[in-house]
Amino acid sequence: MRLVQFQTGSDGPRIGLEEKDGGNVIDLNAFDPSLPRRMREFLEIGDAALAVARRAQESGQHILPRAQVTLLAPIPNPGKVICVGMNYADHCQEQNMKIPEEPIIFNKFPSSVTGPYDEIIHPAESQEVDWEVELAFVIGKKGTHIKESAAMDHIVGFMVAHDVTARDWQMNRNGKQWILGKSFDTFCPLGPAIVTKDCVPDPHKLGIRCKVNGELVQDSNTSQMIFKTQALVAWVSQFITLYPGDVFLTGTPPGIGAFRKPPMFLKRGDVVQCEIDQLGTLRNKVV
């Protein structure tokens, strides 16, 4: 299934299912008005909510034409946005960096989250705004000290993420702490849907790409991930409790603007397209 958060006209957000990538949307709140209208609360219900979604999918009812629907970030208000640095072998190679022995964990403030087709605001405070396409996954079940063998039980699905980054603030300002450079408003486009794990046979064998104004700038495969999904859940849950709706960004492949020769950064008017096989595509204009 492809879980989405959407709205029509001036109505508030609702939960739905995309029939296919870019297809019409089944209105789950119309099918069952008792369901929450926000994804985080929907996921907190657990398997029972997903069972309702499957029944709605099978019913063929309450289908909205795509032209009437505006997709929002699948989870506009995650409790946490947990990120992983230096997690692609080929990304380490482009920097002449050693493979990390342990995951490098940082975070983005949840207020940086924006929708799959929303505009990215280029802050006046930065001259070095960069792109990073990433595979994201979403926690569907609360847990702490989760064993790697049980990690997939705590994941509901996968989506595309764009870890927009102000390199000048990441690398040279704020004591070289990354969080401010990662957390400007609109610096975390997510979506277009949460593709449930049963529809992703192997999340670590997916083509992953980023284009800027149609030019291919990142082109790799999630097989290059050093620490896989299950390992990340096990590692992070040693330190913090994971809750439904928490989002993990799993790292970016090579090709970021900062390491191009000469360096290349985003400017107002650019259009960035982040895409992952089986999951979909984000398209965001920089303004």
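A brief structural summary. Here the structure is a predicted model, which means the values were calculated and not measured.

Topic: unusual backbone geometry
Next up, step 1: For the bond running from Gly-191 to Pro-192, omega is -10°, close enough to zero to count as cis.
Next up, step 2: Mapped onto the fold, Pro-192 is located in strand β13 (residues 188-196).
Next up, step 3: A cis amide bond, omega -5°, links Lys-261 with the succeeding residue Pro-262.
Next up, step 4: With respect to the element layout, Pro-262 can be found in the loop between β16 (247-249) and β17 (271-276).

Considering the nonpolar core
Next up, step 1: By size, the foremost hydrophobic cluster in this structure holds 41 residues, and its most contacted members are Phe-137, Val-233, Leu-242, Phe-248 and Leu-279.
Next up, step 2: Sorting elements by how many residues they give to this core places strand β10 (residues 133-139) first, with 4 residues.
Next up, step 3: Counting 31 residues, the second-largest nonpolar core is a separate cluster that includes Leu-43, Cys-83, Val-113 and Met-159.

Describing the environment of Lys-228
Next up, step 1: For Lys-228, the position within the fold is in the loop between β15 (215-221) and α7 (229-236).
Next up, step 2: Put simply, Lys-228 and Tyr-117 are 111 residues apart on the chain and 28 Å apart in space, counted from C-alpha to C-alpha.
Next up, step 3: Contact partners of Lys-228, with chain neighbours within four places excluded, come to His-204, Thr-222 and Ser-223.
Next up, step 4: A polar contact of 3.0 Å, which involves the side chain of Lys-228, links it to the backbone oxygen of Ser-223.

Some words on the pairing of β17
Across a regular strand the side chains alternate sides, sitting on one face of the sheet and then on the other.
Next up, step 1: As paired elements, strand β14 (residues 207-212) and β17 share 5 bridges and run antiparallel to each other. When the sheet's bridge partners are listed, Cys-210 is paired in β17 with Cys-274.
Next up, step 2: Alignment of β17 against strand β18 (residues 280-285), held across 6 bridges, turns out to be antiparallel. Pairing of Val-271 across the sheet is with Lys-285, part of β18.

Considerations on the sheet that holds β17
Next up, step 1: Pairing within the open sheet is antiparallel, and its 4 strands lie in the order β15-β14-β17-β18. Among the strands making up the open sheet, the edge pair consists of β15 and β18. Strand-to-strand twist in this sheet, taken as the mean axis angle between neighbours without regard to direction, amounts to 10°.

As for the packing of aromatic side chains
Next up, step 1: Within the structure shown, the criterion is met by 5 aromatic pairs.
Next up, step 2: Centre to centre, the rings of Phe-184 and Phe-187 are 5.2 Å apart; their planes meet at 55°, and the pair counts as tilted.
Next up, step 3: The exposure class assigned to Phe-184 is buried, which follows from its relative accessible area of 19%.
Next up, step 4: Members of the aromatic cluster, each reached through a chain of ring pairs, are Phe-137, Phe-158 and Phe-248.

Thresholds, definitions, all that
- Residues numbered from 1 in each chain as written.
- Predicted model: local features only at pLDDT ≥ 70, side-chain atom pairs only at ≥ 80, totals over all residues.
- Heavy atoms only, no water.
- Helix = DSSP H or I, 4+ residues; strand = E, 2+ residues; numbered from the N terminus.
- Core = buried A, V, L, I, M, F, W, Y, C linked by side-chain atoms within 4.5 Å.
- Buried < 20%, exposed > 50% of the residue type's maximum accessible area, 1.4 Å probe, protein only.
- Contact = heavy atoms within 4.5 Å.
- Polar contact = N/O pair within 3.5 Å; in protein donor to acceptor, adjacent residues only side chain to side chain.
- Pairing = 2+ DSSP bridges.
- Axes fitted to C-alpha atoms, helices over the stretch in contact; angles between N-to-C directions.
- Phe/Tyr/Trp six-rings, centres within 6.5 Å; stacked < 30°, edge-to-face > 60°.

So far we have only geometry, and geometry alone does not tell us how the molecule works.
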